[in-house]
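Descriptive analysis of the structure
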Amino acid sequence: MGKYDHLFIEHMLECGDDLVNEGAAAGGERPANISSPFGLMRGIDVDLSKVHMAFSWINPTSEKVHWVNDHEHTYDEVLMWMGSDPANIHDLGAELYLDIEGERHTVTTTGAVWIPAGTRHCPLGFTYVNRPFTFIALSLNPAYASDENVPRPAHS
């Protein structure tokens, strides 16, 4: 065994139980077009980790989909979405919406957003998805935590 082997994640574990604002935890079912979330890096898996990073595939749908309820954290968070067309990395192949402090943002390109600690954000969802893309939530905390510890009714 190498000196740094304990720092690698070689098999991402499903981490849906970590996330209290999505899918079933948010008072509904995980939308059919969204894969299970997997832990890319979490304090529970790598004890030296200072971040919690979850990864999901978002699959095609022509339906408007609500995914994540509004919430806030005591730490900063980065949300990232990456298109899957290598010929045009900027084209997300989808339209997502995200509210920050009640202000609606619509996104159609590969990108990311910094959510400062204490900033109310979401709902988050998709107007349409034409092509699969990846979604990563990077919490600058070793465990995911928010002010919403019980399911709340979904709204958009």
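Residues numbered from 1 in each chain as written. Predicted model: local features only at pLDDT ≥ 70, side-chain atom pairs only at ≥ 80, totals over all residues. Heavy atoms only, no water.

Turning our eyes to something else, we now look at the sheet that holds strand 6 (residues 91-100). Taking strand neighbours across the sheet as the criterion, the 4 strands line up as 4-9-6-7 in an open arrangement whose pairing is antiparallel. Taken across any chain shown, the strands that pair with only one partner, and hence form the sheet edges, are strand 4 (65-68) and strand 7 (103-109). The sheet shows a mean angle of 25 degrees between the axes of neighbouring strands, direction not considered. Note: strand 6 against strand 7, 6 bridges, orientation antiparallel. Following the sheet pairing, Leu96 is matched in strand 7 by Val107. (Pairing = 2+ DSSP bridges. Helix = DSSP H or I, 4+ residues; strand = E, 2+ residues; numbered from the N terminus. Axes fitted to C-alpha atoms, helices over the stretch in contact; angles between N-to-C directions.)

Below, the discussion takes up the sheet that holds strand 5 (residues 77-82). With antiparallel pairing, the 6 strands of this open sheet are ordered in space as 1-2-3-10-5-8. The sheet terminates laterally at strand 1 (13-14) and strand 8 (111-115), the two strands that pair on one side only. As defined by bridge partners, strand 3 (residues 52-58) adjoins strand 10 (residues 133-139) across 7 bridges and the pair is classed as antiparallel. Across the sheet, the residue bridging to Ala54 is Ala137, located in strand 10.

Attention now goes to the confidence of the model for the chain. Summarising the model, the chain shows a mean pLDDT of 87, and 88% of its residues fall at 70 or more. No element of the chain has a lower mean pLDDT than strand 1, at 83, and none a higher one than strand 7, at 98. (pLDDT = per-residue confidence, 0-100.)

Before going further, it helps to spend a moment on the pattern of salt bridges. Side-chain pairs of opposite charge can arise where the charged atoms are in close proximity. Under the criterion given, the structure shown has 5 salt bridges. Note that Asp45 and Arg42 form a salt bridge whose closest N and O atoms lie 2.8 Å from each other. On the accessibility criterion, Arg42 (6% relative accessible area) is buried. Linking Asp70 and Arg120 is a salt bridge whose minimum nitrogen-to-oxygen distance equals 3.1 Å. Here the residue Asp70 occupies a position in the loop between strand 4 and strand 5, and Arg120 occupies one in the loop between strand 8 and strand 9 (121-129), the gap between them amounting to 50 residues. (Salt bridge = Lys/Arg side-chain N within 4 Å of Asp/Glu carboxyl O. Buried < 20%, exposed > 50% of the residue type's maximum accessible area, 1.4 Å probe, protein only.)

Relative to the helices and strands, Glu77 is located in strand 5. Of the side chains with opposite charge, Arg120 lies nearest to the buried Glu77, which makes no salt bridge, at 11 Å. At a separation of 3.0 Å, a polar atom in the side chain of Glu77 contacts the side chain of His121. Every residue in contact with Glu77, bar those within four places of it in the chain, is listed here: His71, Val113, Trp114, Ile115, His121, Ala137, Leu138, Ser139 and Tyr144. (Lys, Arg positive; Asp, Glu negative; His and termini not counted. Polar contact = N/O pair within 3.5 Å; in protein donor to acceptor, adjacent residues only side chain to side chain. Contact = heavy atoms within 4.5 Å.)

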